[in-house]
Protein chains: 2
Amino acid sequence: MAETSTLGYALLGLLARAPLSGWDLAQRLDMPAGYFWSAGHSQIYPELKKLERAKLVKHTKVEQRDRPDKKVYALTAAGRRALRRWVTTPLAPAPKRDELMLRVYSLWLADPADAVAFVRDQEAVHRRRIAEYETHQADVEQHWAAELDDPRSPRFATYATLRRGLGYERELADWCAWLASRITS
Amino acid sequence: MAETSTLGYALLGLLARAPLSGWDLAQRLDMPAGYFWSAGHSQIYPELKKLERAKLVKHTKVEQRDRPDKKVYALTAAGRRALRRWVTTPLAPAPKRDELMLRVYSLWLADPADAVAFVRDQEAVHRRRIAEYETHQADVEQHWAAELDDPRSPRFATYATLRRGLGYERELADWCAWLASRITS
DNA sequence: GGACGCATGTAATAGGTTACATGATTAC
DNA sequence: GTAATCATGTAACCTATTACATGCGTCC
């Protein structure tokens, strides 16, 4: 029996690093900022209420002069425990849904010229993302070198996911290049 | 205006290669057989009815002596055209949802020993999948070498997705190994 | 006055999973 | 008879997306 949904854990994971408002959480989980989980604000506000009913988070009203007031959510001790327990719980294999692969599975039907254009376009998308991630990586390695050796610092965890994102995008872009050249030849 | 849902295209993609019954389609889209799309039979049977109403597929009853009768679905000319059009249509960036990365993002909270065990376990899962895919790859390369050079053969498309699956799993397993050793040191 | 960013919510719809339900045929 | 495989369907629930809805404050 999970204490909350996966989205709930995503929110707890962000709040474990710093208290945030619903709007702030939505910023971080909206594409393209959310590297590996995403959600719109219409999903986040109700979820925060659930988490609060479950006593995993609590909010405090913060009045602002220059902007509308907001509710800032923070983890409770129980919320932190639940998150900590969840992170190393056995992970059930999730069904994959990759639309690019689904397209490629039927790409033999297309005109080869169209197929190459499609695949080269995908490659460009991922090369752009690689450049973006590389900038992040360089920044992180320069400014937080010390923390990247400490597996108990949040920065270490962020760095690990960034490395994975880079590896993923590189492998994908290279595969696109391989496929495009293979169709051409 | 898409002519059908992504699941619909997944079914069309399978039927473009050979006519199949709902049950056969479910076999191919059930974990772990479906490499990059999955669906249960409760989603497939209604979807086939939708596709038939849209005249993208048609079924014929096939009586069997040794087994229950079945409905075998095949693409119509319109279905084939719709699929062909769809494969190279610009692909909208999809929101990512990767629970493993979500766990790792909060892994700094866990005891390092638990964290390493968790990551090593994940690595093992993906190494097993690599071994499986490698067997497939060897089979395909041996038996269908000629077709793998023809971008208009379905076998070529399957081979391309298999290569991608292998690249994905290798990158992931290697990243797990990197992370585990980084936590340990 | 209008656009933009901040801020919070609800409603309707679509997509997906789990559970319920039935029935044929074969092998043990 | 009973379990396993083949075969087809519906219902209930959960998750996620898109659309609707409101309102403050700043800048132009």
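Whatever comes next refers back to the structure up there.
The residue numbering used here restarts from 1 in each chain and proceeds along that chain's sequence as written. The naming scheme follows written order: chains are lettered A onward, ligands numbered 1 onward. Per-residue local features of the predicted model are confined to residues with pLDDT of at least 70, and side-chain atom pairs are confined, for both listing and counting, to 80 or more; whole-chain, interface and lining totals are unaffected and use all residues. Each side-chain value is worked out from all heavy atoms of the structure, with water and hydrogens disregarded.

J.: How should I be thinking about the protein's contact with DNA strand C in this particular structure?
T.: For this description, a residue counts as near a given molecule or strand if any of its non-hydrogen atoms is within 4 Å of it. Residues in close proximity to DNA strand C total 21 residues, the closest being His41(A), Gln64(A), Lys71(A), Ser42(B) and Asp66(B). Among the atoms of DNA strand C close to the protein, meaning within 4 Å, 67% are from sugar or phosphate groups. Identification of polar contacts relies on pairs of N or O atoms within 3.5 Å, with a donor-acceptor requirement for protein atoms, meaning one able to donate a hydrogen and the other able to accept it, and with residues adjacent in sequence counted only if both atoms are side-chain atoms. In this structure, Arg97(A) approaches DNA strand C through a side-chain N or O atom, which is 3.0 Å from a phosphate oxygen. Residue Asp66(B) places a main-chain N or O atom 2.7 Å away from a sugar or linking oxygen belonging to DNA strand C. The numbering of helices and of strands both runs from the N terminus, where a helix is a DSSP run of H or I of at least 4 residues and a strand a run of E of at least 2. Contributing elements (two or more residues each) for the surface near DNA strand C: helix H2 (22–29), helix H3 (41–53) and strand E3 (70–75) of chain A together with helix H3 (41–53) of chain B. It is H3(A) that provides the largest number of residues to the surface near DNA strand C, a total of four residues.

J.: Help me understand the sheet that holds strand E3 (residues 70–75) of chain B, please; the structure alone is not making it clear to me.
T.: Sheets are built from strands paired through backbone hydrogen bonds, the pairs being either parallel or antiparallel. All names here are of chain B. In short, DSSP must find at least two bridges between two strands for them to pair. What the three strands build is an open sheet, ordered E1-E3-E2; its pairing is antiparallel. A strand with exactly one partner marks an edge of an open sheet, and here the two such strands are strand E1 (20–21) and strand E2 (57–62). Two strands pair when backbone bridges link them, and E1 and E3 are joined in this way by two bridges, in the antiparallel orientation. Opposite leucine 20, over in E3, you have tyrosine 73 as the bridge partner. Along the sheet face, helix H1 (residues 6–15) touches E1, E2 and E3 and points at about 90 degrees away from the line of E3. Here, residues are in contact when the closest pair of their heavy atoms is within 4.5 Å. Helix axes are fitted only over the stretch in contact, all axes being lines through C-alpha atoms; the angle between N-to-C directions runs from 0 to 180 degrees.

J.: Looking at this model, I keep getting lost on the protein's contact with DNA strand D. Mind explaining?
T.: Surveying the vicinity of DNA strand D reveals 22 residues, the closest of which are Ser42(A), Gln43(A), His41(B), Gln64(B) and Lys71(B). What you see for DNA strand D is that sugar and phosphate hold 66% of its atoms within 4 Å of the protein. For DNA strand D, a phosphate oxygen lies 2.9 Å from a polar atom in the backbone of Trp23(B). In this structure, His41(B) approaches DNA strand D through a side-chain N or O atom, which is 2.7 Å from a base oxygen. When residues of the surface near DNA strand D are traced back to their parent elements, those giving at least two are H3 of chain A together with helix H2 (22–29), H3 and E3 of chain B. Gly falls in the polar group here, along with every residue not listed as nonpolar (Ala, Val, Leu, Ile, Met, Phe, Trp, Tyr, Cys, Pro) or charged (Asp, Glu, Lys, Arg). Residues belonging to the surface near DNA strand D are distributed by class as follows: five nonpolar, eight polar and nine charged.

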